[in-house]
Amino acid sequence: MDLNSDLAEGFGRWELSDDEALLGIVTSANIACGFHAGDATVIRRACEQAAKRDVAVGAQVSYRDLAGFGRRFIDVAPVELTNDVIYQIGALAGFAQVSGTEVRYVKPHGALYNAIVHHEQQAAAVVEAVRSYDPELAVLGLPGSKWLEQAEKAGLRVFREAFADRAYTPEGTLVPRREPGAVLHDPEEIAERCLRLAHGEPIKAIDGTMIEVQADSICVHGDSPGAVAIAQTVRDRLAAEGVELRSFTTRGE
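Reading the values: the criteria
Residues numbered from 1 in each chain as written. Predicted model: local features only at pLDDT ≥ 70, side-chain atom pairs only at ≥ 80, totals over all residues. Heavy atoms only, no water. UniProt positions renumbered as here; feature names shortened; annotations may be inferred. Helix = DSSP H or I, 4+ residues; strand = E, 2+ residues; numbered from the N terminus. Buried < 20%, exposed > 50% of the residue type's maximum accessible area, 1.4 Å probe, protein only. Contact = heavy atoms within 4.5 Å. Pairing = 2+ DSSP bridges. Right-handed = clockwise from strand over helix to strand, strands pointing away. Disulfide = S-S within 2.5 Å. Phe/Tyr/Trp six-rings, centres within 6.5 Å; stacked < 30°, edge-to-face > 60°. Axes fitted to C-alpha atoms, helices over the stretch in contact; angles between N-to-C directions. Parallel < 35°, antiparallel > 145°, perpendicular 65-115°, else oblique. Left-handed = near helix turned anticlockwise from the far one by under 90°.

The protein chain carries the name 5-oxoprolinase subunit A in an unreviewed UniProt entry, which gives Saccharopolyspora rectivirgula as its organism. Check the Sequence similarities (unreviewed entry) section of the UniProt entry for the protein chain; it says "Belongs to the LamB/PxpA family."

Structure, rendered in structure tokens:
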């Protein structure tokens, strides 16, 4: 099983997550590309630390929305969205290269991630960006999403993601952050849920029903309270139960 986290989400003197600590825990790093968070120095530092730790680097692409942290839907024209995504991957690739690593996958962020679960035009636009930039890049997203469906049809390598600390609806989508109970906080409860995900067992939705969520990677958010402790508890629990931890991008190599 792969553990991923969103990193490089600081900006200037403002810091959000403890990137260095998280990079000692996760196996894949979703690095912000400057559109929802991250400046040049923050992004390069994350790439350098990921290279040092041998953590796989992924481009976390977003709407152009610094003020809203990429959490607001933008009805951008598909051709513009394609170009924005190419721009972001290219920017991160430059910092990855000078840091001794490379971009290995693409994961959308925030509102874009949620939009392309159902929004076919925007999903197609992001797929086209990845395919045009480098068809060897892997893509990461929500199981059953239009994003992964269209990416697979385009011949891209597709991987499914589950969330350690986010509540699910009975339909298998994420409960919006504005709703009560959308974010989980108990490290032991989260670790137990991640173990079930790693074993392919059902987990509890917000209404108490049991749902199946297929996952190649589990996201442990870096911006939640106690994020490092939660991520470490998840890693320790999985390792103790014999779950091998490595980046999904290394599978088949």
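Novice: Would you mind going over the environment of Phe95 in detail, with residue names and values included?
Specialist: Tracing the backbone through its elements, the reader meets Phe95 in helix α3 (residues 78-98). For Phe95, a relative accessible area of 23% gives the class partly exposed. Between the C-alpha atom of Phe95 and that of Phe163, which follows or precedes it by 68 residues, the distance is 27 Å.

Novice: I'd like to hear about the environment of Phe248, residue by residue, with values.
Specialist: Take Phe248: it is sitting in the segment after α8 (227-240). Expressed as a C-alpha distance, the spacing of Phe248 and Met1, which sit 247 residues apart in the sequence, is 7.2 Å. Ignoring anything within four residues of it in the chain, the contact list for Phe248 reads Asp2, Ser28, Tyr105, Ala138, Leu140, Phe159, Asp216 and Ser217.

Novice: So what's going on with the pairing of strand β4 (residues 103-108)? Residues and values would help.
Specialist: Of all 6 residues in β4, 5 are buried; the element is thus mostly enclosed. Pairing of strand β3 (residues 56-61) with β4, which is carried by 5 bridges, proceeds in the parallel orientation. In the sheet register, Gly58 faces β4, and the bridge partner there is Tyr105. In this view, the connection linking β3 to its parallel neighbour β4 by way of α3 has right-handed handedness. For β4 and strand β5 (residues 138-141), the ladder comprises 2 bridges, and the chain directions are parallel. Paired with Tyr105 across the bridge in β5 is Ala138.

Novice: Go over the state of the cysteines with me, naming the residues and quoting the values.
Specialist: Taken as a whole and judged by the stated rule, the model has 0 disulfides. No disulfide involves Cys194; its sulfur sits 9.8 Å from that of Cys219, the nearest cysteine. For Cys194, a relative accessible area of 0% corresponds to the buried category. Using a relative accessible area of 0% as the deciding quantity, one classes Cys219 as buried.

Novice: Lay out the packing of aromatic side chains in plain terms, naming residues and giving numbers.
Specialist: Aromatic ring pairs are defined here through the distance separating the ring centres and the angle between the ring planes. On inspection of all chains with the given rule, the structure shows 5 aromatic pairs. Seen from their ring centres, Tyr105 and Phe248 are 4.9 Å apart, and the 65° between their planes marks the pair as edge-to-face. In this pair, Tyr105 is assigned in strand β4 and Phe248 in the segment after α8, connecting sequence segments 143 residues apart. For Tyr105, a relative accessible area of 0% puts it in the buried group. Members of the aromatic cluster, joined through ring pairs, are Tyr105, Phe159 and Phe248.

Novice: For the packing of helix α5 (residues 120-133) against helix α6 (residues 146-153), give the residues involved together with the corresponding values.
Specialist: Each packed pair of helices is defined by two parameters, the angle between the axes and the distance between the axes. Put simply, α5 and α6 touch, their axes get as near as 9 Å, and they point 45° apart. Relative to α6, α5 is oriented oblique. Viewed along their axes, α5 and α6 form a crossing whose handedness is right-handed. Together, Glu120, Ala123, Ala124, Val126, Val127 and Val130 of α5 and Lys146, Trp147, Gln150 and Ala151 of α6 make up the contact between the two elements.

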